[in-house]
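# Examining the three-dimensional arrangement
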Amino acid sequence: MLMPKKVKYRKQHRGRMRGRAERGAELAFGEYGLQALEPCWLTARQIEAGRVTITRFLKKRGKMWVRVFPWKPVTKKPTETRMGRGKGDPEFWVDVIRPGRIIFEVEGIDFTTAQECMRLAGHKLPIKTRLISREHRELR
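Our subject in this report is the structure included herewith. Computed from a prediction, not measured in an experiment: that's the story for all the values here. Numbers given for residues are sequential positions, taken from 1 along each chain in its written order. The model is predicted, so local features are restricted to residues of pLDDT at least 70 and side-chain atom pairs to those at 80 or more, both for listing and for counting; the totals for chains, interfaces and linings are taken over all residues. With hydrogens and water stripped out, all remaining heavy atoms of the structure feed into the side-chain values.

### Thoughts on the sheet that holds strand 6 (residues 102–107)
Stated formally: Paired strands, as defined in this entry, are two strands with at least two bridges between them according to DSSP. By definition, any uninterrupted DSSP run of H or I lasting at least four residues is a helix, any uninterrupted run of E lasting at least two residues is a strand, and each is numbered from the N terminus. Under this scheme, a helix contributes an axis fitted over its contacting stretch, all axes are lines through C-alpha atoms, and angles between N-to-C directions fall in the 0 to 180 degree range. We call two residues in contact whenever any of their non-hydrogen atoms come within 4.5 Å of each other.
What the four strands build is an open sheet, ordered 3-6-1-7; its pairing is antiparallel. Taken across any chain shown, the strands that pair with only one partner, and hence form the sheet edges, are strand 3 (63–66) and strand 7 (129–133). Adjacent strand axes in the sheet meet at a mean angle of 20°, parallel and antiparallel pairs treated alike. Note: strand 1 (residues 32–36) against strand 6, four bridges, orientation antiparallel. Among the inter-strand pairings, Gly33 is bridged to a residue of strand 6, identified as Glu105. Where helix 2 (residues 111–123) meets the sheet, it contacts strand 1, strand 6 and strand 7, and its direction lies at approximately 30° from that of strand 1.

The following block contains the structure:
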């Protein structure tokens, strides 16, 4: 599971997910990419599920890049705990995804293979996504 090796502070504020992606909204490595259309917190488990789906579908063909990393800790208090007694302990890690962010990229495969590959990976994520390409900039 993806998580930082070391962090300066164990706990963080929740923050906001307003606006569009400032960085990571352009294809940087591959020919095709999976772009987020909605804001969300993408957990390490969801990223891993998408990665496994893509690698299994591609087998030994093509190359894949994961463009997101879960850097933000999410805390939870134990069930049946009374109010007060401070903030809970970190439970899992997330990456804050804003609309426009590229999540996965692939290259070395044809368009139909990329389309199916990204469709399967998109089903593992809790948001709407679309396939984008270097030639066409955006595809459905």
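Moving on from the model shown.
### Remarks on the pairing of strand 5 (residues 89–97)
Relative to strand 5, strand 2 (residues 40–43) is paired through four bridges, and the arrangement is antiparallel. Directly across from Trp41, in strand 5, lies its bridge partner Val96. Strand direction decides the pairing type here: strand 4 (residues 72–76) and strand 5, joined by five bridges, are antiparallel. In the strand pairing of strand 5, Pro73 is matched with Trp93.

### Considering helix 1 (residues 44–58)
Given 3.6 residues to a turn, an α-helix orients residues that are three or four positions apart in the same direction. For the record, the criterion: What a helix should span is 1.5 Å times the count of its residues minus one.
Taking 1.5 Å of rise per residue, 15 residues should cover 21 Å, and helix 1 covers 21 Å from first to last C-alpha, within 8% of that figure. Check the buried side of helix 1 and you find it contacts strand 2, strand 3, strand 5, strand 6 and helix 2. After helix 1 finishes, the residue Lys59 shows a positive phi value of roughly 55°.

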